[in-house]
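The primary structure of each chain is shown beneath.
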Amino acid sequence: MALAEAGVRGRLLRWPRVLLFGDSITEYSFQENGWGAYLAERLVRKCDVVNRGISGYNTRWAKLILPRLITESTGADSIAAVTIFFGANDSALKELNPKQHVPLEEYAANLKSMVQYLKSVDITSDKIILITPPPLQESAWEKACLAKGDKLNRCNATTGQYAQACVQVAKECGTDVLDLWSLMQKNQDFSSYLSDGLHLSAKGNSFVAAQLWSRLEHKLSALPSLLPYWRDVDHTNPEASLL
């Protein structure tokens, strides 16, 4: 059979998508042992995990980009889940990092605006997961700042306020939320979760992967594996199995 004929006979194969939208912690998640790579491996043959992490970005900029990533024509049925993972940059101290800083009330409003936009293009709240920034290990991040000639430009208490705002927005909007700031500080020294005081270490990536998968698994469990297992393909008539 000619390839063009196979294309006519068979349905277009469309993999559902899980969209990871966030800052550098999302952008880096496809590195070796990253939490995004873990999700992609778990969901292979079921859906595409799409990394739309943009290092250095905050919610003020992100809300302008989201409508360019997902439009009404995208089709809500093609989106299996969306994670929104911002706050590490928004919570930068205004006097030391005014370019990335976003005031707390605006941060909450921006998150709410993004959730409302997703709902407006028929992505239901049960498909949306907000993720708070992780805690900040100040002494390690200060070293990273000093190495670049900067002063310490974030603090954990302030990051916690943004995490609480994120949790509150999720509650008001009816979405799921992964509160990393609180979970990582339970019962142990959280510094091992961070590579430089801000970004995730291998252990931190594993923690995020496990926590996020526990929230995604039930949302995605009904997704079928796309295309039959190779042993189930009729080798004498593959068209009957594959088209």
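Described in the following lines is the structure provided in the data block. (Residues numbered from 1 in each chain as written. Predicted model: local features only at pLDDT ≥ 70, side-chain atom pairs only at ≥ 80, totals over all residues. Heavy atoms only, no water.)

Looking now at the layout of surface pockets. The space that makes up the second largest pocket amounts to roughly 160 Å³. Lining the second largest pocket we find 14 residues, and of these Tyr28, Gln31, Leu200, Ser201 and Asn205 sit closest to its centre. Residue composition of the lining of the second largest pocket, grouped by class: five nonpolar, eight polar and one charged. (1 Å grid on protein atoms, 1.4 Å probe; cavity = no way out; pocket = protein on both sides within 12 Å on 5 of 7 lines; lining within 4 Å. Points joined across faces, edges and corners; volume = space filled by probe spheres on them. Nonpolar A, V, L, I, M, F, W, Y, C, P; charged D, E, K, R; others polar.)

To continue, consider the state of the cysteines. For the coordinates displayed, the defined rule picks out zero disulfides. Cysteine cysteine 145 is unpaired, with the sulfur of cysteine 155 as its nearest cysteine sulfur at 12 Å. Classification of cysteine 155 as buried rests on a relative accessible area of 19%. (Disulfide = S-S within 2.5 Å. Buried < 20%, exposed > 50% of the residue type's maximum accessible area, 1.4 Å probe, protein only.)

With that out of the way, let us pick up the sheet that holds strand E2 (residues 48-53). Two strands in a sheet stick together by hydrogen bonds in their backbones, pointing the same way (parallel) or opposite ways (antiparallel). Taken in spatial order, the five strands make up an open sheet running E2-E1-E3-E4-E5, and their pairing is parallel. Among the strands making up the open sheet, the edge pair consists of E2 and strand E5 (176-178). Strand after strand, the sheet turns through a mean of 20° between neighbouring axes, direction not considered. With six bridges joining them, strand E1 (residues 17-22) and E2 adopt parallel strand pairing. (Pairing = 2+ DSSP bridges. Helix = DSSP H or I, 4+ residues; strand = E, 2+ residues; numbered from the N terminus. Axes fitted to C-alpha atoms, helices over the stretch in contact; angles between N-to-C directions.)

Time to look at the pattern of salt bridges. This model, assessed by the stated rule, comprises three salt bridges. As a salt-bridge pair, glutamate 172 and lysine 112 come within 2.6 Å of each other at their nearest N and O atoms. Taken together, the residues span a long stretch of sequence, with glutamate 172 in helix H7 (residues 156-173) and lysine 112 in helix H5 (residues 104-120) at a distance of 60 residues. The partly exposed category is assigned to glutamate 172, whose relative accessible area is 46%. Across the pair lysine 219 and aspartate 176 runs a salt bridge whose closest N-O atoms are separated by 4.0 Å. On the criterion of sequence distance, the pair formed by lysine 219 in helix H9 (residues 202-220) and aspartate 176 in strand E5 is long-range, its members being 43 residues apart. Owing to a relative accessible area of 23%, lysine 219 belongs among the partly exposed residues under this scheme. Classification of aspartate 176 by relative accessible area gives partly exposed; the value is 24%. (Salt bridge = Lys/Arg side-chain N within 4 Å of Asp/Glu carboxyl O.)

The nonpolar side chains of soluble globular proteins are, as a tendency, buried together. Ranked by internal contacts, the top residues of the largest apolar core, which has 33 residues, are Val18, Trp35, Leu39, Leu180, Met184, Leu212 and Leu216. If you list the elements that add at least two residues to this core, you get E1, helix H3 (35-43), strand E3 (79-85), strand E4 (128-131), helix H6 (138-147) and H9. Sorting elements by how many residues they give to this core places H9 first, with seven residues. Apart from the residues lying within four places of it in its own chain, the contact partners of leucine 39 are Leu20, Val49, Leu212, Trp213 and Leu216. In terms of nonpolar packing, the next biggest core, distinct from the first, is built from 30 residues, Ile65, Phe86, Leu118 and Ile128 among them. (Core = buried A, V, L, I, M, F, W, Y, C linked by side-chain atoms within 4.5 Å. Contact = heavy atoms within 4.5 Å.)

On to the packing of H3 against H9, then. One way to put it is that H3 packs onto H9 with a least axis distance of 9 Å and a crossing angle of 35°. Between H3 and H9 lies a crossing whose hand is right-handed. Side by side, H3 and H9 meet where Trp35, Tyr38, Leu39, Arg42 and Leu43 of the first sit next to Asn205, Val208, Ala209, Leu212, Trp213, Leu216 and Leu220 of the second. Class assignment for the residues of the contact of H3 with H9 results in 10 nonpolar, one polar and one charged. (Left-handed = near helix turned anticlockwise from the far one by under 90°.)

Bringing a nonpolar patch on the surface into the picture now. A contiguous nonpolar patch, built from Leu13, Leu227, Leu242 and Leu243 and spanning about 330 Å² of accessible area, is present on the exposed surface. Mapped onto the elements, leucine 243 comes out in the segment after helix H10 (238-242). A residue is classified by how much of its surface remains accessible, and leucine 243, at 38% relative accessible area, is partly exposed. (Patch = residues over 30% accessible without salt bridge, like charges linked within 9 Å, V, L, I, M, F, W, Y side chains within 5 Å. Areas by Shrake-Rupley, 256 points an atom, 1.4 Å probe, with all protein chains shown as cover.)

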